[in-house]
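One letter stands for each residue in the lines below.
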Amino acid sequence: NAGVTQTPKFRVLKTGQSMTLLCAQDMNHEYMYWYRQDPGMGLRLIHYSVGEGTTAKGEVPDGYNVSRLKKQNFLLGLESAAPSQTSVYFCASSYLALLGRVDNEQFFGPGTRLTVL
Amino acid sequence: AQTVTQSQPEMSVQEAETVTLSCTYDTSENNYYLFWYKQPPSRQMILVIRQEAYKQQNATENRFSVNFQKAAKSFSLKISDSQLGDTAMYFCAFMTGISNTGNQFYFGTGTSLTVIP
């Protein structure tokens, strides 16, 4: 089991460039999430998905788009990168939570450090 | 609004001593899960311990234990016999929306713990 993987691990962009971050999970999880982590602000939810073909906005969705064409993949896109999007991005996945289930937690990828110049 | 508060941005502890990290949360739901995650310098988010809100017994995992006070909405983490490898950022989190199509995770801003040799 690879768990949750993210590509790339590092990226430097110039303002206005676009890119896509790929997240993949092999645990058959229904839910997938994208977070950004900035110093002193913890994890902030960008977008999430409750299943293949569905996405929803989180706390800080502006400037990002997502797609979940396959259950195991969740893509995060930046159409026109801005310096304010310099951050560490984490993907996570989880099962649909059930009372009494012992593995309701989120499983995280290793993160992507993105710098926008 | 569902919130998680970690009021200690930084803490330190001597090796082999005990330290307690505090966390309070706010939710109107009755069924939820609580988690502590550890993020070492490698950036990987690692689950330390979980607690089901419907269980009164406090969870324990080796040197890690929690003090769960549901009425007070408090969920502190105690680390006994602290080791150098415990140096990390610790995030408190809870999950709501169990057994429906909307389970959401909420994270605190983290406590940076340093274990001093």
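Here, the structure is the one placed above.
What counts, and where the lines are drawn
Residues numbered from 1 in each chain as written. Chains lettered and ligands numbered in written order. Predicted model: local features only at pLDDT ≥ 70, side-chain atom pairs only at ≥ 80, totals over all residues. Heavy atoms only, no water. Buried < 20%, exposed > 50% of the residue type's maximum accessible area, 1.4 Å probe, protein only. Helix = DSSP H or I, 4+ residues; strand = E, 2+ residues; numbered from the N terminus. Pairing = 2+ DSSP bridges. Axes fitted to C-alpha atoms, helices over the stretch in contact; angles between N-to-C directions. Phe/Tyr/Trp six-rings, centres within 6.5 Å; stacked < 30°, edge-to-face > 60°.

Undergrad: Go over the pairing of strand E12 (residues 111–116) of chain B with me, naming the residues and quoting the values.
TA: Residue and element names in this part refer to chain B. The alternating pattern of E12 places Thr 111, Leu 113 and Val 115 on a buried face, while none of Ser 112, Thr 114 and Ile 116, on the opposite face, is buried. Note: strand E10 (residues 88–96) against E12, three bridges, orientation antiparallel. Considered in E12, the bridge of Met 89 is made with Ser 112.

Undergrad: An account of the sheet that holds strand E1 (residues 4–7) of chain A is needed here, citing residue identities and associated values.
TA: Residue and element names in this part refer to chain A. One open sheet accounts for four strands, arranged E1-E3-E8-E7; its pairing is antiparallel. Only two strands of the sheet have a single partner each, and these edge strands are E1 and strand E7 (65–67). For this sheet the average axis-to-axis angle between neighbouring strands, irrespective of direction, equals 20 degrees. Here E1 pairs with strand E3 (residues 19–25) via four bridges, running antiparallel. When the bridges of E3 are listed, Thr 7 appears paired with Leu 22.

Undergrad: Residues and numbers for the packing of aromatic side chains, please.
TA: Think of a pair of aromatic rings as described by two things: how far the centres are apart, and how the planes are tilted against each other in angle. Across all of its chains, the model carries 20 aromatic pairs over all chains by this definition. With 5.5 Å between their ring centres and 80 degrees between their planes, Tyr 35 of chain A and Phe 107 of chain B make a pair best called edge-to-face. Separated into two different chains, Tyr 35 of chain A in strand E4 (residues 31–37) and Phe 107 of chain B in strand E11 (residues 104–107) make up a pair that spans both. Residue Tyr 35 of chain A is classed as buried on the basis of its relative accessible area, which comes to 1%. Taking the relative accessible area as the measure of exposure, Phe 107 of chain B reaches 12% and is therefore buried. Ring geometry for Phe 90 of chain A versus Phe 108 of chain A: centroids 6.4 Å apart, planes at 85 degrees, classification edge-to-face. Of the two residues, Phe 90 of chain A is situated in strand E9 (residues 87–94) and Phe 108 of chain A in strand E10 (residues 107–108); the sequence distance between them amounts to 18 residues. The exposure classification of Phe 90 of chain A matches that of Phe 108 of chain A, with both residues buried.

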